[in-house]
Amino acid sequence: MGTFSTLASAKGGYQVKGVIEDSMGPVIGATVIEQGTTNGTSTGLDGDFVLTVSSPDAIVEISCIGYSTQTYKASAVPAKVTLEEDAEFLDDVVVIGYGTVKKTDMTGSISTVKSDELNKGAISSPADLLRGKSAGVVVTSGSGQPGSGATIRIRGGSSLSATNDPLVVIDGLPVSNEGISGMSDPLSSINPSDIESFTVLKDASATAIYGSRASNGVIVITTKKGAKGATRPQVTMDYQTSLSHVSKLVDVMDASEIRKAISSYLSESQAASALAALGNADTNWQKEIYQLAWANEYNVSVRGRVGLWEGAYMPWRVSGGILSQEGTLKTGMMNRSTASVNLTPTLFNDHLTINLNGKFVNQGNRYANTGAIGAALRYDPTKPVYDANGIHRYTTWRDTDGNYNTMATQNPVALLYEKQDSADANRFIGNAQFDYKIHGFEDLRLNLNLGLDFAKSSGYSTTPIGSEQSIWSTSQSGSGYYTDYGYMRRDQTLEFYAAYSHDWAKHHFDLMGGYSWQHFWNSSNSLTTKLTDNSVLSDNVGKTEYFLVSFFGRLNYSFGNRYLITATVRRDGTSRFQNHKWGLFPSVALGWNIKNESFLKDNDALSTTMVREGVMAAAIGATYRSGIPQLFLVNDSLHLRLAGTNGAIIGRRNGIYSQFLASYSYISGTHAQLHYNQNTWLIEDKNSSNGTYVNNVRLTVGETMPINNGDLVQFANIEFRVEIPQR
């Protein structure tokens, strides 16, 4: 043990001093207290402490979050105390919405996957880390292009017309799961190597605290933080390289099999004519469009902990990563650079904890033309890839008169190399979270969270003049085209909650209530012109802005660590609705920890045995999802945008749609139709005796008008209900 660091005090007390460390070095901010009293102190910048206790027989308790507590007789405290990580404590606590909970106190269906349990190997998307690791969570790969987003479903889908994607919360900040141009995977802003754990909230009780947006479940991502006790920096570096290929091609006829089939199924004269039209090559078109794809990834992180002043310290972590990934479909490529910073200063003797997070990603994509895949399955294998007399020296179909056959399948290789589709995207996700335990009333915590999710992207798509793709296009007729597009999104978040936790004998109460404010804004533009004369083919501009305000609360109660109840309520209000802007989302869940009953308490064969039952009341009022339909104007057409679509045209300048939204929706209860007159959309009541316009729907290019499925929309004396059929 070494020399005891205890000295008799001249005033009759007993002085204890020493140094506390872990396997990495001194531990700053550990608590040293005389058991049964409020007499205590914290370790300094070098892990040292001095404490005067009542007597040599007093019990000294040494503790620090994440470490096993140690106790000593005052006269036996060693000069150097080494703390060990409390693995049971770390596994016992689960991150949930607006707080944490012990696993034994959970009443909802929640699963946690730690970093050491996540999938290993060549991982480009955080979603791949979760594949097969949590019951009821299905992760489906995207298109296979580098950086393509995976689809995550928690206990299946719940909607036919709106999104089925779960809500994603990163370090306490709810973020948008909508992809942006140049970054189709909304999770790609996080380097997979920065993730500490996934917590999946599955049922109504667990997700109700996030309200309507959590109807498809919630994925809470916690990223890695600074070192808990070490003062020396810890550096981690890794490099991975991988090789991908298409393991199995579609079984189609080769050149010899096509010739044999023609000879077998056609008459001799027909076969002779058909065989004469075939080429002399033997081309495997699938092998012409696919390639061995290399991926290289570099990651480096540095973490540590610094002392600020007495009673204050700051764990920190910075990391960076570079990923370069080729696509198995030729011309496909993704380059991604990420950077992450986490600072967690703790002040006022662990009363104020500040969590500062910043994550930045730059992603560049070259998108391969996926139309080449279908073309490769249909194209004649007797034709070569290149032909000196073809378009741009690629083999091209012609009719009997020698003209281009624009109804024929296009050359798969030309589809890849004669279309340039590239995009570059930047995204920053950051938040500052302040958690304060009230001095003198430590059971009460106040938490303020300020967050920003900012994304900006730009890109272009083009095909050259006279290319096969341009000639086959009726709008271009060989002119070639150039599309330039841009997108910007800014989501701002302010959340505040107060949490009170206290134990009375066998009773445990945990009460939390808070407020959330979110502002969502985005704009987009796209301009397509012909290369021959710069005439405009399309020019679209869009802008959306809305707010989401919420009040929420939760009560957790347990008796004797056996009987549990959780009551949750959230009230959401959104500016996306014209009427009935507010919705209420209550839930109640009960739990019985059978393992803590007397007849099972000593049974070591069971670690935890829990019976849970939860229910979420049907939403009272408006329901909100990111897929709310919106009216918007594109050039001279009025559109309705549904979730996951670019919008359905419901009216044109020179047309009248007597049925509102055609097959997508209808007006019930009235006979109204939309008209366009003098740059304004008008609603006409067909039952009106004079048939005149009664009110305007005023929309200009770039503006949107949100409407609610099943809600009443009123224009002057016409009131109608918009209904989107479930089909």
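None of the values given here were measured: they were computed from a predicted structure.

Conventions and cut-offs
Residues numbered from 1 in each chain as written. Predicted model: local features only at pLDDT ≥ 70, side-chain atom pairs only at ≥ 80, totals over all residues. Heavy atoms only, no water. Helix = DSSP H or I, 4+ residues; strand = E, 2+ residues; numbered from the N terminus. Buried < 20%, exposed > 50% of the residue type's maximum accessible area, 1.4 Å probe, protein only. Contact = heavy atoms within 4.5 Å. Areas by Shrake-Rupley, 256 points an atom, 1.4 Å probe, with all protein chains shown as cover. pLDDT = per-residue confidence, 0-100. Arc of directions from axis to C-beta. Pairing = 2+ DSSP bridges. Axes fitted to C-alpha atoms, helices over the stretch in contact; angles between N-to-C directions. Patch = residues over 30% accessible without salt bridge, like charges linked within 9 Å, V, L, I, M, F, W, Y side chains within 5 Å. Salt bridge = Lys/Arg side-chain N within 4 Å of Asp/Glu carboxyl O. Lys, Arg positive; Asp, Glu negative; His and termini not counted. Charge placed at Lys NZ, Arg CZ, Asp CG, Glu CD. Core = buried A, V, L, I, M, F, W, Y, C linked by side-chain atoms within 4.5 Å. Parallel < 35°, antiparallel > 145°, perpendicular 65-115°, else oblique. Left-handed = near helix turned anticlockwise from the far one by under 90°. Nonpolar A, V, L, I, M, F, W, Y, C, P; charged D, E, K, R; others polar.

Visitor: I'd like to hear about the overall build of the chain, residue by residue, with values.
Guide: On a plain count of helices and strands, the chain comes out with nine helices and 44 strands. Across the 727 residues that make up the chain, the buried fraction comes to 47%. Contacts in the chain between residues at least 24 apart in sequence constitute 63% of all its contacts with a sequence separation of at least 6. Surface exposure of the chain reaches about 34,300 Å², of which carbon and sulfur atoms provide 53%.

Visitor: Can you explain the confidence of the model for the chain? Please cite residues and give values.
Guide: Confidence in the prediction of the chain, expressed as mean pLDDT, is 78, and 77% of residues score 70 or more. Contacts from residues 1-10, a stretch scored under 50 in pLDDT, to residues over four places away or in other chains number 26 contacts. Counting contacts from residues 617-727, a segment whose pLDDT is below 50, to residues more than four positions away or on other chains yields 262 contacts.

Visitor: Tell me about helix α7 (residues 371-378), and name the residues and values.
Guide: Turning to α7, its buried residues are A372, A375 and A376. The arc enclosing the buried residues of α7, seen along the axis, measures out at 105°, which places them on a common side. Next to the buried residues of α7 lie α6 (285-289) and α8 (412-417).

Visitor: Any details on the sheet that holds strand β16 (residues 173-175)? Residues and values, ideally.
Guide: Judged by pairing direction, the sheet is mixed, and its five strands sit side by side in the order β12-β17-β18-β15-β16 without closing on themselves. Of all the strands in the sheet, the pair left with one neighbour each is β12 (110-114) and β16. Sheet twist, expressed as the mean angle between neighbouring strand axes with direction ignored, is 25°. Examined bridge by bridge, strand β15 (residues 167-170) and strand β18 (residues 218-223) share four bridges and lie parallel to one another. Following the sheet pairing, I170 is matched in β18 by I221.

Visitor: How would you summarise a negative patch on the surface if you had to cite specific residues and measurements?
Guide: The grouping of D251, D254, E257 and D282 at the surface amounts to a negative patch. E257 sits in the partly exposed class, given a relative accessible area of 40%.

Visitor: Describe the pattern of salt bridges, listing the residues and the values that go with them.
Guide: Evaluated as defined, the whole model comprises 11 salt bridges. A salt bridge links D194 to R317; the nearest nitrogen and oxygen atoms lie 3.0 Å apart. Note that D194 is positioned in the loop between β16 and β17 (195-201) and R317 in strand β21 (residues 312-326), a separation of 123 residues in sequence. Taking the relative accessible area as the measure of exposure, D194 reaches 5% and is therefore buried. Residue class for R317 comes out buried when judged on its relative accessible area of 7%. One salt-bridge network, in which partners are shared between bridges, spans R427, D453, R489 and D491.

Visitor: Go over unusual backbone geometry, please, and point to the residues and values.
Guide: Positive phi, normally seen in glycine, also occurs at S477, with a value near 50°. For S477, the position within the fold is in the loop between α9 (468-472) and β28 (481-504). Judged by its relative accessible area of 59%, S477 falls in the exposed class. Positive phi is not limited to glycine here, since A505 has a value of about 50°.

Visitor: Pulling in residues and values, what's your account of the nonpolar core?
Guide: Judged by nonpolar contacts, the single largest core of 23 residues is most densely connected at F198 and I221. Mapped by element, the contributors of at least two residues to this core are α2 (126-129), β13 (137-140), β14 (151-154), β15, β16, β17 and β18. Contacts of F198, omitting those with residues within four sequence positions, involve S111, T112, V113, L118, P126, L129, L130, I219, V220 and I221.

Visitor: Account for the packing of helix α4 (residues 255-265) against helix α5 (residues 268-277), with residues named and values stated.
Guide: At a minimum axis distance of 8 Å, the contact between α4 and α5 shows a crossing angle of 160°. Considering their axes alone, α4 and α5 lie roughly antiparallel with respect to each other. Between α4 and α5 lies a crossing of right-handed hand. Across the interface between the two elements, R259, I262 and S263 from α4 touch A271, A274 and L275 from α5. Its residues assigned to classes, the contact of α4 with α5 comprises four nonpolar, one polar and one charged.

Visitor: Just give me the short version of the sheet that holds strand β7 (residues 59-63), but keep the residues and values in it.
Guide: Neighbouring strands of a sheet are bound in pairs by backbone hydrogen bonds; such pairs are parallel or else antiparallel. If you walk across this open sheet you meet the four strands as β5-β4-β7-β8, and the pairing is antiparallel. Two strands lie at the open edges of the sheet, namely β5 (40-42) and β8 (70-73), each paired on one side alone. The sheet shows a mean angle of 20° between the axes of neighbouring strands, taken without regard to direction.

Visitor: Please provide a residue-by-residue account of a nonpolar patch on the surface, values included.
Guide: Taken together, the side chains of W504, F509, L511 and L555 make up a nonpolar region of the molecular surface, amounting to roughly 360 Å² of accessible area. Along the chain, W504 turns up in strand β28.

Visitor: Please give an account of the pairing of strand β29 (residues 507-530) that cites residues and values.
Guide: A regular strand places its side chains on the two faces of the sheet in alternate fashion. Pairing of β28 with β29, which is carried by 24 bridges, proceeds in the antiparallel orientation. Bridging from a neighbouring strand, Y497 pairs with G514 of β29. Between β28 and β29, which pair antiparallel one after the other, the connecting turn spans two residues, and A505 there sits at a positive phi close to 50°. Sheet topology places β29 next to strand β30 (residues 536-559); 23 bridges connect them, and they run antiparallel. Directly across from S523, in β30, lies its bridge partner K543. The hairpin formed by β29 and β30 contains five residues between the paired strands, and N534 there has a positive phi angle of roughly 60°.

Visitor: Explain the environment of S181 to me, using residue names and the numbers behind them.
Guide: Considering the arrangement of structural elements, one finds S181 in the loop between β16 and β17. Setting aside residues no more than four positions away along its own chain, S181 makes contact with A423, A425, S457, Y485 and Y487.

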